[in-house]
Amino acid sequence: MTFDDGLHPDALRTVAPAYGTGSLADLLPSVCAVLNVPGAEDVLGLGARLDEITKVAVLLVDGMGAYQLPLMAPLAPVLADLAAGGRGHAGTLTAGFPSTTPVSLVTLGAGVPPGEHGILGFTVRRPDGGVLTHISWGDDPDPRLWQPVPTWMERASAAGVAVSVVSRPAFEGSGLSLAANRGGVYIGAADGPAVAAGMLAALRAATGPALVYGYHPDLDHYGHEDGVGSPTWQEAARGVDRLLDELAHGLPPGAALLVVADHGQLNVPAEGRLDMATTPALADGVTGVAGEPRVRYLHTAPGARDGVLETWRALSDSLVLSRDQVIDEGWFGPVPAAHADRIGDVVIICRGRELALATGWEPEKVGRLVAYHGSVTAAEMTVPLLIVR
């Protein structure tokens, strides 16, 4: 069953990443500038909004795109007030590309576009030809080599800022956590109330400048599994509101809360699902598949790339580009040569309510989800920036 996700047709327009002016990559450098971390630039102009603030909490609500806020508002009065600017400021940022969790978490933590930090998809091809799934990444490859850019948590900690990361206990020490959040003291928090308690405790314990990062995944999880607008998603939205209520009313003196997301989501009906397993021509010349259903990376046999481009352009409504084209158009920001091979020879960018499934190349459960993200629509790319002080 597909629920109404409340999206206006405008939500399907294409949005480009605003690297250097208003993207997730610009948030922590701006926060760190407020906290007087050397080398940090306040691109977002947060200093004017956070005068006399010495402690900053950043809460990332996975899957809470700006286009989901109207659907959440009747269920989440605290969030609705914050989204109206009732406690400080309400604006938006863009995600990076692809607009998917591992890419966004590292874009936020490293403070640079994805091309620079190298986490370029939900899954990417490894140098040995295998596929790395970033959300289940351990220590191979070494996170500090695969993602070589120092995080702003490392830089803030080196400058004397008390840095804490409050997230699920299972994520401590994972490859993705080290790529995105290394440099902070890790505080395990199993659910929303524990995230609020851990973030507030870290703020209160700091005797000087502090940066506290919190992560809450429930909304994204139930969107994927049951759909944006489903009863379980609605209950997750209420949980987000309870978390925000605790944080907004528990901030100690001199502290501010910034609420962001990594991406939005949209429900995709059955008729929008094109599968390589059931349309064999789509797999001709393809030797490897990575990415995810909304942004698919196809690695091709020698000499087969142009044929794959032609076939996908004929059979799909998606934007179909070569690796060179997608890099040259700036979707990833600058891409050093060491990271380029992580992108497919052919990149499929879904623009409407459609998917590029690869059953047989990836787990079948991927095609059984209800809501997805990763691509370039406003619904996926636009995330809130809510400031509470």
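Residues numbered from 1 in each chain as written. Predicted model: local features only at pLDDT ≥ 70, side-chain atom pairs only at ≥ 80, totals over all residues. Heavy atoms only, no water.

All chains considered together, the criterion is met by three aromatic pairs. The interplanar angle of 50 degrees and the centroid separation of 5.5 Å between the aromatic rings of Phe-97 and Trp-331 together place this pair among those described as tilted. Taken together, the positions of Phe-97 in the loop between strand 2 (88–94) and helix 4 (101–110) and Trp-331 in the loop between helix 13 (323–328) and helix 14 (337–340) put the pair 234 residues apart, joining distant regions of the chain. Considered together, Phe-97 and Trp-331 belong to a single accessibility category, that of buried residues. Each member of the aromatic cluster is reached from another via a ring pair, and the members are Phe-97, Trp-331 and Phe-332. The lysine or arginine in question, Arg-155, covers the ring of Trp-152, its NZ or CZ lying 4.3 Å from the ring centre. Just above the ring of Trp-146 sits the side chain of Arg-342; from NZ or CZ to the centre is 3.5 Å. (Phe/Tyr/Trp six-rings, centres within 6.5 Å; stacked < 30°, edge-to-face > 60°. Helix = DSSP H or I, 4+ residues; strand = E, 2+ residues; numbered from the N terminus. Buried < 20%, exposed > 50% of the residue type's maximum accessible area, 1.4 Å probe, protein only. Lys NZ or Arg CZ within 6 Å of the ring centre and 35° of its normal.)

Let us look at the pairing of strand 5 (residues 162–167). Burial analysis of strand 5 places five of its six residues in the buried class, the great majority of the element. Here strand 5 pairs with strand 7 (residues 210–216) via five bridges, running parallel. Note that in strand 7 the partner of Val-166 across the bridge is Gly-214. With four bridges connecting them, strand 5 and strand 6 (residues 185–188) associate as parallel partners. Residue pairing in the sheet places Ser-164 in a bridge with Val-185 of strand 6. For the crossover from strand 5 across helix 8 (residues 175–181) to strand 6, the handedness is right-handed. (Pairing = 2+ DSSP bridges. Right-handed = clockwise from strand over helix to strand, strands pointing away.)

Looking now at the environment of Ala-40. Relative to the elements of secondary structure, Ala-40 occurs in the loop between helix 1 (27–34) and strand 1 (55–61). Apart from the residues within four sequence positions on either side, Ala-40 is in contact with Pro-29, Cys-32, Ala-33 and Trp-152. (Contact = heavy atoms within 4.5 Å.)

As a further point, take the pairing of strand 12 (residues 295–300). With six of its six residues buried, strand 12 lies for the most part within the structure. Residues Val-295, Tyr-297 and His-299 of strand 12 are buried on one face, and the alternating residues Arg-296, Leu-298 and Thr-300, pointing to the opposite face, are buried as well. Bridging between strand 11 (residues 286–292) and strand 12 involves six bridges; their strand directions are antiparallel. In the sheet register, Gly-288 faces strand 12, and the bridge partner there is His-299. Taking the residues between adjacent antiparallel strands as the criterion, strand 11 and strand 12 are bridged by two residues. Looking at chain direction, strand 12 and strand 14 (residues 346–349) are connected through four bridges and run antiparallel.

Within this structure, the stated rule accounts for 14 salt bridges. One salt bridge in this structure joins Arg-238 and Glu-235, with 3.4 Å as the shortest N-O distance. With Arg-238 and Glu-235 both in helix 11 (residues 231–250), this residue pair falls three residues apart, about one helical turn. Assessed through its relative accessible area of 31%, Arg-238 is described here as partly exposed. (Salt bridge = Lys/Arg side-chain N within 4 Å of Asp/Glu carboxyl O.)

The next thing to look at is the sheet that holds strand 7. The strands making up a sheet associate through hydrogen bonds between their backbones, and the pairing can be parallel or antiparallel. Strand order in the open sheet made by the seven strands is 2-17-8-1-7-5-6, with mixed pairing throughout. Of all the strands in the sheet, just strand 2 and strand 6 have a single pairing partner and so form its edges. Recorded for the sheet is a direction-independent mean angle of 20 degrees between the axes of neighbouring strands. For strand 2 and strand 17 (residues 382–388), the ladder comprises seven bridges, and the chain directions are antiparallel. In the strand pairing of strand 17, His-89 is matched with Ile-387. Seen against the sheet, helix 4 touches strand 1 and strand 7 and runs at an angle of roughly 175 degrees to strand 7. Helix 9 (residues 192–205) contacts strand 1, strand 5, strand 6, strand 7 and strand 8 (255–260) of the sheet and is inclined by roughly 165 degrees relative to strand 1. (Axes fitted to C-alpha atoms, helices over the stretch in contact; angles between N-to-C directions.)

Further remarks concern the environment of Ala-340. Along the chain, Ala-340 falls in helix 14. Ala-340 sits in the buried class, given a relative accessible area of 16%. On a C-alpha basis, the gap between Ala-340 and Gly-115 in space is 8.1 Å, while along the polypeptide they are 225 residues apart. Contacts of Ala-340, omitting those with residues within four sequence positions, involve Arg-323, Ile-327 and Val-335.

Summarising the element assignment, Asn-181 is placed in helix 8. Beyond its immediate chain neighbours, meaning those up to four positions away, Asn-181 contacts Thr-151, Met-153, Val-165 and Tyr-213.

A few words on the packing of helix 9 against helix 11. Axis separation between helix 9 and helix 11 bottoms out at 9 Å; the angle between their running directions is 15 degrees. One way to sum up the angle between helix 9 and helix 11 is to call them roughly parallel. Crossing of helix 9 over helix 11 shows right-handed handedness. Side by side, helix 9 and helix 11 meet where Gly-192, Val-195, Ala-196, Met-199, Leu-200 and Arg-204 of the first sit next to Leu-243, Glu-246, Leu-247 and Gly-250 of the second. Within the contact of helix 9 with helix 11, the residues separate by chemical class into six nonpolar, two polar and two charged. (Parallel < 35°, antiparallel > 145°, perpendicular 65-115°, else oblique. Left-handed = near helix turned anticlockwise from the far one by under 90°. Nonpolar A, V, L, I, M, F, W, Y, C, P; charged D, E, K, R; others polar.)

The values are spatial; any link to function lies outside them.
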